[in-house]
Structure formats: C-alpha cells, structure tokens
Amino acid sequence: MPSKQAENLKHKAENEEKVEQQYLKGKKDEDLGVFCDLFSAKTGVEGQDGGVVSSLLIKGFREGLFDAAIVVRRTEGYNAEAAVAETAEDVLAAKGTQYLRVNVTKKLRELISEGKKRIAVVCTPCEAAVARKIQQTNGRDCEITIIGLFCFEAFNRERLKDELKNRLSVDLDKVGRIQVRQGRFTAQIEGGEVSCRVKDLDRASDGACRLCDDFVCRLADVSVGSVGSRPGYSTMIVRSEVGEKLVRNMDAAKETVDKQEICRVAKFKKNRSKKGFSRLNKS
Ligand code: SF4
C-alpha cells in the first residue's frame, strides 16, 4: 500500500479512536464498534422499518434534547436534499429512507453559523464522521446528536435511473417508496411494486462507497438499520450517554437482534473496502 494511503487510513483510525474516547460509551466490538445497548424496536409511528428514526426525533423535540434536526427529504422526482426539521410535523414529512448520498453536514455548518447549538443529525456513516469533526471543532457549547443509519452503499441517481429503465422498465422519478432489504431492491409503482437483486444494480452504486468500511455508523450516538431485525422492526445500537437519553423510556415494542447477521454484513463491507483499496493500489 502506498505510504500516503497507509498514512490516511492510520489517521482515520486515530480520529475514530479520539471520537470514541470523547463521545462514546461501552465496550468496543470489532464489527459493531463501541456500544452500550443493542436491541430491535418497533414504534407507533408508521414508517420504514418500525418508524424508529422519526420516533426518536419526535421524542427528542418533545423532551427538549435538541432545537433542530437535519433530515433528508425526497424532492421532485427521485431526488433528495438535506432539510431542517423543527417540529414533529416536519419530521413526519421527511420520513422514509432515500438511497442517495446527501451532504447533510453542509446544513449542519449553516445552522451552527446561524447560532443554533443543539442539533440532531440523521445521516450515513461518512457524514457522521464529518459531523463529529464539526462537533470537535466547535467544542462543548455545540451539542450534536447523531442518529446514524446503517449504510451498505448509496446509488448514483443518474445510473440508477438508467438501470431501472433497462432492467425493470420503470422510471425512477415516478416510483414511490424504495426499500433495500435482505439483498433485494424494491420500488413501489402505481398498482404494485417491482424488485430485483441489489447485486444486479451494482453499476448504479456510488463509486466512493466501494472503499467505505463502515456499515453500522460506528461514530453515531444511536445507529439504526434493518439488518438484524425482522420486517417492521429496526435494529438500534446505542453508543453514548446522549444516545441512552434519547432512547430512554422510548414508547416501543422491543426484542433481541440477530447480532451475528449485523456482524456478517459489517465484515463483508470491511472486506469489500480492503479489496477496493488493493485494486486501487494495483492500478
Ligand atoms: S457506503 Fe459509505 S460512503 Fe457510501 S453513502 Fe454509505 S456511508 Fe457514505
């Protein structure tokens, strides 16, 4: 591995360790990162995989844990953008997972520069790492709550549009909800749904994601995702005191998770990243 690249990876690992020491709580698991609680939950909010993210945000607002939340919402066609939510209604308007890469930390910087100090961010692992950097830079008077989403890869919008048209004869901009679960991509269309293996959409994935090694959002306060839980439920990994406060007395049905399955996917992603780097080195 060229020394520059090795140096970058070493630097990344050191930064992660600093974040773990500064903000996280619990034992460190090789695949899941630092955590103090792990369970599966379903809440009363209707939504993707148990409505857990929306419920956490609504609870956080109700208890005054933050003043604003940055969420990703779908816009015209199948596009997504970072948006600021300040009420439960705003949260519910943005519910559902968008499988595109969205820069939420730009919005975080904007809110901080406007004087907001207590902000929740719902984001992917790559954005969580940037959010922690922003938090470190701003010191103690900036309280950031990170709700991290499990992320295997994001799609490139234009390539996904092409692939869906060619493979499934569907216009991406006209589909309803998209869900990726247990290796299948499913899109709601008028009068039903279409689906295929996620693997078949390989060409549509965002190139940078192949080098990414974090599936479970290791630097979040609470990580949420479908892997490890049965349909209708979400896996929740609580990683900090901030996260504990957010999930405490949460109105949810809880059950145990399939930890092995989460570890399997996390390992798979780490290996894919290693292979991606070694391919880069050979080219
Ligand atoms: S796979 Fe990694 S780089 Fe790609 S969107 Fe997810 S967290 Fe970001």
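Everything here concerns the structure above.
So, here's what we can say about the structure. Everything numeric in this text was worked out from a predicted model, so none of it was measured. (Residues numbered from 1 in each chain as written. Predicted model: local features only at pLDDT ≥ 70, side-chain atom pairs only at ≥ 80, totals over all residues. Heavy atoms only, no water.)

A few words now on the nonpolar core. When a protein is soluble and globular, its nonpolar side chains tend to lie buried together. Grouped together as the largest cluster of nonpolar side chains are 25 residues, with contacts concentrated most on L56, L57, M236 and V247. Looking at this core, the elements with two or more residues in it are strand 3 (37-43), helix 2 (52-62), strand 4 (68-75), strand 5 (79-85), strand 6 (118-123), strand 11 (222-225), strand 12 (234-238) and helix 7 (241-247). Examining the composition of this core, we find that five residues originate from one element, helix 2, more than from any other. (Core = buried A, V, L, I, M, F, W, Y, C linked by side-chain atoms within 4.5 Å. Buried < 20%, exposed > 50% of the residue type's maximum accessible area, 1.4 Å probe, protein only. Helix = DSSP H or I, 4+ residues; strand = E, 2+ residues; numbered from the N terminus.)

Now for the packing of helix 4 (residues 105-113) against helix 5 (residues 125-138). Axis angle and axis distance: for two packed helices, these are the angle between their axes and the distance between the axes, and together they describe the pair. Relative orientation of the contacting elements helix 4 and helix 5 amounts to 20°, with a least axis distance of 9 Å. One element, helix 4, and the other, helix 5, form an angle in the roughly parallel class. Along this stretch, helix 4 crosses helix 5, giving a crossing that reads as right-handed. For the pair helix 4 and helix 5, the contacting residues are T105, L108, R109 and I112 in the first and E127, V130, A131, I134 and N138 in the second. Across the contact of helix 4 with helix 5, the residue classes tally to five nonpolar, two polar and two charged. (Axes fitted to C-alpha atoms, helices over the stretch in contact; angles between N-to-C directions. Parallel < 35°, antiparallel > 145°, perpendicular 65-115°, else oblique. Left-handed = near helix turned anticlockwise from the far one by under 90°. Contact = heavy atoms within 4.5 Å. Nonpolar A, V, L, I, M, F, W, Y, C, P; charged D, E, K, R; others polar.)

With mixed pairing, eight strands are arranged side by side in an open sheet as 5-4-6-7-11-12-3-13. With one partner strand each, in any of the chains shown, strand 5 and strand 13 (252-255) form the two edges of the open sheet. Within the sheet, the average angular offset between the axes of one strand and its neighbour, ignoring direction, is 30°. Where strand 7 (residues 143-149) lies against strand 11, three bridges are found, and the strand directions are parallel. Its bridge partner being in strand 11, L149 is matched across the sheet by V224. Helix 5 rests against strand 6 and strand 7 of the sheet, and its axis sits at about 170° to strand 7. (Pairing = 2+ DSSP bridges.)

Here we take up the sheet that holds strand 8 (residues 178-181). Strand order in this open sheet of three strands is 8-9-10, and the pairing throughout is antiparallel. Looking along the sheet, the strands with just one partner apiece sit at the ends: strand 8 and strand 10 (192-197). On average, each strand axis in the sheet is inclined to that of its neighbour by 20°, with strand direction left out of account. Direction of pairing for strand 8 relative to strand 9 (residues 184-189): antiparallel, over a ladder of four bridges. Bridging from a neighbouring strand, Q179 pairs with T186 of strand 9.

Coordinates in, geometry out; function isn't part of it.
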